Amino acid sequence: MLQLALILAGAIVSIVVLQKVLPWIAAQLHDQRRHFILALVPLLRLIIIVAAFLFSVPLVIEPSLQNMVALFGSLGLALGFALKDYASSLIAGVVATGERPYRNGDWIGIDGVYGEVTHVGLRTVQVTSADDTLYHVPHLKIWNEVVANANNGTLRLQAVTDFYLDPCHDGDQAREILYDVVLSSAYVSLKEPVAVVLKEEPWGTHYRVKAYPVDPQQQFSFISDVSIRGREILQKRGFEFARGTLASAME
Amino acid sequence: MTTQRGTHQPATNTTDDVPPLWEFVSPGAFVAPRSSSEQIVRRWGAIKRLFKRDSAVDESPFKLESELQRLPDDLLHRLTGPVDWSGALSALSESLNGWSGSAGEPQVVFVVGPPWNGQTDILRAWAAARQVPCIEAPGYVDILQQNRTWLQLPEATNHPWVMPELERCYLRHAEGLDLVRHFLEQAMRGTYGPGIIGCDSWAWAYLQHVWPAECSSVLALQGFDGARLTRLLRQLSVAQISTPYCFKNASNGHTVLCAEDEPDAQVSAAIVQLAVRARGNVGLALHYWRNALRSEPESAEDKESDANADEAGVDNAPTVWVAALPASPIPPDDDTDLIAFILHTLLLHRGMPEELLPRVLPMSRQHIMAALLRLRRLEIVEEHEQFWYIAPLAYVGASTYLRERNYLLDQLWG
């Protein structure tokens, strides 16, 4: 029993020391080695836990055939439950290869993440957001999540720019202006249609300018360009922007 | 008139077998010369030789280009001198034969062509020869201020008018499209009477989105293939000079063109290659041709033989060497799209003044100028009095660059 306590205590102390020392060492470094040392922490911790487990088992259970079968059977069952999602992701990865809900270069929305698919792996799909954050999304999401694919393997990706105008204005003129703003954008793909649609809201008129950038990666720059130039020319032509909210409209 | 799509009959101003040198066709009938199977076989042979080290074939060039020099300006001008547009004017007149813009006929005929193809010069010359009014484009300030006084053109008459540069009537700016839209509306409605409008093919591709009315009467100068180009270059080589020069390929010594060849002489592979490179654009082909001509440093003996060339006949005709066509400079890759935007803008407007570029592009003036200077160093753009345009020899590279990036191209690119 004392041996077991010593093993447990040794493991705990080792882990605590490991989690203090390695981050301290990493903090002294400022290059790629810093990330390498930090990445060692969970790996070494796992090794310590497994070693402690392997040393503890013979102290608690007599290593007979019957006991070993029972132990590994239980272990296998636990692992099976634990890894079912992993296996599910692997199978979903195979299905995704065939059904192709996303491919490299696609802009997808999945599980609250929107970005460009940069790698389709065996278990996960890597999505880089517009803010250059890399998300690893397990393939199993395709079983029960909606996957929104904005360009579906092509260069056609619709970008929508919103304008909110005071309702007292000439709608036809506003549409013509916004149409020309899009048509004159350096980003717009002229091979695709341009549409300006609007909807009346209690606080004003909501315009949606729908067009396609030349390249899907330009979508945010395109929206910015249309927004800046559209706002400038609308103001110049005397259009008022909707400033109020529903509450102020009610007042 | 012979311009209705699908019913066009080529103007025939030469013998039955030989196609006319100048011919106006509908854009759908425009043919850009392409690499022939012979050229593909030759290229394949070149690739095979690349991997065949023990080849016994002597690969050394017939004339080292380093030993040749550019032609003196005077001789270059006389051998490749200004194009005589009279044939083109006749072809245009023949294409317009019978058209008067009367009821049931299109009020306006568009003449579309790529940069440097000469349609502006042809239309100006045509207007001068017919003594019909030539309408100049409005200033850029008028375009941006949408000054419609420019639209109050002279009263309609039965005589056609000519607007040679429609590409100068708009700016790709939210306030730069209104004037050209109204002009096209009035012109096609017949307010100004029958008219002929010339337009750069890149601007034409863009303006069809700005003013999406169907234009049934559109003409384009037919692409110059090897045969046409040979005839034109031969005409130019004897137009201003009495000595019959012979043009030879510097890499293999083969004759490219001789002033005294028969009209039906075989077209040399070098000229076919030139036509393919220029995509049938006669002006571009002439730029390449002028750039490729070389001569040997002249010795006293050469001068004597040149002097006797007229009497000795073509065998002793002075030689002009034709160097390999220069590769079109490739624009650099750019993460910000600025290079592509600049190239596209310069092509859509056939060049643009420096101060207008920041107004039509979504980048700051500093970034645009830095990119322009970089492109000028790479010989991709040129500047003349703060007016920037694509360098002729960079046109192919710039167009390919834009095509690979999915930008709108002209319809005559081929």
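Parameters at a glance
Residues numbered from 1 in each chain as written. Chains lettered and ligands numbered in written order. Predicted model: local features only at pLDDT ≥ 70, side-chain atom pairs only at ≥ 80, totals over all residues. Heavy atoms only, no water. Helix = DSSP H or I, 4+ residues; strand = E, 2+ residues; numbered from the N terminus. Buried < 20%, exposed > 50% of the residue type's maximum accessible area, 1.4 Å probe, protein only. Pairing = 2+ DSSP bridges. Contact = heavy atoms within 4.5 Å. Axes fitted to C-alpha atoms, helices over the stretch in contact; angles between N-to-C directions. Domains from an automatic or database assignment. Disulfide = S-S within 2.5 Å. Buried area = accessible area lost by both parts, 1.4 Å probe. Salt bridge = Lys/Arg side-chain N within 4 Å of Asp/Glu carboxyl O. Polar contact = N/O pair within 3.5 Å; in protein donor to acceptor, adjacent residues only side chain to side chain. Phe/Tyr/Trp six-rings, centres within 6.5 Å; stacked < 30°, edge-to-face > 60°. Lys NZ or Arg CZ within 6 Å of the ring centre and 35° of its normal. Arc of directions from axis to C-beta.

**Here's the deal with unusual backbone geometry**
In this structure, Asp111(A) is a non-glycine residue whose phi angle is positive, near 55°. On the secondary structure map, Asp111(A) appears in the loop between β1 (107-110) and β2 (113-120). Exposure remark for Asp111(A): the relative accessible area of 39% places this residue in the partly exposed category. Even without glycine at this site, Gln386(B) takes up a positive phi of about 65°.

**Regarding the sheet that holds strand β4 (residues 161-163) of chain B**
All names here are of chain B. In spatial order, the strands read β1-β6-β3-β5-β4; together these five strands make up an open sheet with mixed pairing. The open sheet has two free edges, formed respectively by β1 (24-25) and β4, since each of these has just one partner strand. As defined by bridge partners, β1 adjoins strand β6 (residues 218-221) across two bridges and the pair is classed as antiparallel. For Val25, the partnering residue across the bridge sits in β6 and is Ala220. Running over the sheet, helix α6 (residues 178-189) touches β3 (108-113), β4 and β5 (195-200) and is turned about 130° from β3.

**Focus: the domain arrangement of chain A**
Once the domains are mapped, chain A shows domain 1 (2-82), domain 2 (86-149) and domain 3 (159-248). The gap between the C-alpha centroids of domain 1 of chain A and domain 2 of chain A is 32 Å.

**Some words on the sheet that holds strand β3 (residues 124-129) of chain A**
Residue and element names in this part refer to chain A. Ordered in space as β4-β3-β2-β1-β5, the five strands form an open sheet in which the pairing is antiparallel. Strands at the two margins of the open sheet, each flanked by one partner only, are β4 (134-138) and β5 (148-149). Strand direction decides the pairing type here: β1 and β2, joined by four bridges, are antiparallel. By the bridge assignment for β2, Gly109 is matched with Tyr114.

**Describing the state of the cysteines**
All names here are of chain B. Summed over all chains, the structure comprises one disulfide over all chains. Each sulfur of the disulfide joining Cys246 and Cys258 lies 2.3 Å from the other. Across the disulfide from Cys246 to Cys258, rotation about the S-S bond amounts to roughly -85°, and the bridge is consequently left-handed. Of this pair, Cys246 sits in strand β7 (residues 246-249) while Cys258 is found in strand β8 (residues 255-258), placing the two residues 12 residues apart along the sequence. Given a relative accessible area of 5%, Cys246 falls into the buried group. Cys215 forms no disulfide, and the closest cysteine sulfur to it belongs to Cys199, at a distance of 9.9 Å.

**Some remarks on the interface of chain A and chain B**
Taken together, the contacts link 19 residues of chain A with 19 residues of chain B. Of the roughly 1,800 Å² buried between chain A and chain B on both sides combined, carbon and sulfur atoms contribute 52%. Joining chain A to chain B, the criterion identifies three salt bridges. Here Arg237(A) and Glu175(B) are joined by a salt bridge, their closest N and O atoms 3.9 Å apart. Run the count over chain A and chain B and you get 10 residue pairs in polar contact (both at pLDDT 80 or more).

**What about the packing of aromatic side chains?**
Under the counting rule described, the total for this entry stands at 16 aromatic pairs over all chains. Centre to centre, the rings of Trp107(A) and Tyr114(A) are 5.7 Å apart; their planes meet at 40°, and the pair counts as tilted. Note on Tyr170(B) and Tyr206(B): the rings are 5.6 Å apart at their centroids and 25° apart in plane angle, and the pair reads as stacked. Placement of Tyr170(B) in the loop between β4 and α6 and of Tyr206(B) in helix α7 (residues 201-210) is noted, with a sequence separation of 36 residues between them. Exposure remark for Tyr206(B): the relative accessible area of 0% places this residue in the buried category. Taken together, Trp150(B), Trp161(B), Phe183(B) and Tyr192(B) form an aromatic cluster joined through their ring pairs. Note that Arg405(B) overlies the ring of Tyr401(B), its terminal NZ or CZ placed 3.7 Å from the centroid.

**With respect to helix α2 (residues 73-80) of chain B**
Three or more residues of α2(B) are buried, namely Leu75(B), Leu76(B), Leu79(B) and Thr80(B). On an axial view of α2(B), the arc spanned by its buried residues comes to 105°, and they lie on one face.

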